[in-house]
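# Summary of the model geometry
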Amino acid sequence: MGRDVIVTDENFQLASQVIKSYGDFLYEKFVEYEWILIQVSYQAIQDSFIDGVLQKISENFPEIRREMEDAVHTIGEYAISFLEEIDEADQFLYENATIKKEKG
């Protein structure tokens, strides 16, 4: 028999904000890493083999950046959807409890 997990709206909302903030932070750090790697490739590395490898790595950056953006966006959408579902369930419960109380 499984256990039910009780999550308050506020706890879930806080967790969602923390996860989104972390995703935003990772995205910012990735952009910084991308910039540093490109600068190193253009200004510091004189070896054609290493420069070629750095160029190949940097070719993947736009796709990685899009994936990160999509992940952060999806987390936000799921969080909003989940909170809306909780609000609907709460409203249903409160309405039924009020009707029973009025009849009782």
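Heads up: the structure comes first, above all this text.
About the cut-offs
Residues numbered from 1 in each chain as written. Predicted model: local features only at pLDDT ≥ 70, side-chain atom pairs only at ≥ 80, totals over all residues. Heavy atoms only, no water. Salt bridge = Lys/Arg side-chain N within 4 Å of Asp/Glu carboxyl O. Helix = DSSP H or I, 4+ residues; strand = E, 2+ residues; numbered from the N terminus. Buried < 20%, exposed > 50% of the residue type's maximum accessible area, 1.4 Å probe, protein only. Phe/Tyr/Trp six-rings, centres within 6.5 Å; stacked < 30°, edge-to-face > 60°.

Here the focus is the pattern of salt bridges. One pass over the structure, following the stated rule, counts 3 salt bridges. With a shortest N-O distance of 2.5 Å, Arg65 and Glu34 are connected by a salt bridge. Within this pair, whereas Arg65 is found in helix H3 (residues 61–103), its partner Glu34 is found in helix H1 (residues 9–44), the two being separated by 31 residues in sequence. Assessed through its relative accessible area of 23%, Arg65 is described here as partly exposed. Taking relative accessible area as the criterion, Glu34 reaches 10% and is therefore assigned buried.

Okay, the packing of aromatic side chains next. Applying the stated criterion across every chain, the model contains 2 aromatic pairs. Ring geometry for Phe30 versus Phe61: centroids 5.2 Å apart, planes at 85°, classification edge-to-face. Here Phe61 lies in helix H3 and Phe30 lies in helix H1, a separation of 31 residues in the sequence. The residues Phe30 and Phe61 share a single accessibility class, namely buried. Seen in terms of ring centroids, Tyr33 and Phe61 are 6.0 Å apart; in terms of plane orientation they differ by 70°. Their pairing is edge-to-face. On the criterion of sequence distance, the pair formed by Tyr33 in helix H1 and Phe61 in helix H3 is long-range, its members being 28 residues apart. According to the relative accessible area criterion, Tyr33 is partly exposed, its value standing at 44%. Residue classification places Phe61 among the buried residues on the basis of a relative accessible area of 2%. Aromatic rings pair up to connect Phe30, Tyr33 and Phe61 into one cluster.

It is worth spelling out the environment of Glu28 at this point. Within the secondary structure, Glu28 sits in helix H1. Distance from Glu28 to Arg65, taken between C-alpha atoms, is 9.9 Å for residues 37 residues apart in sequence.

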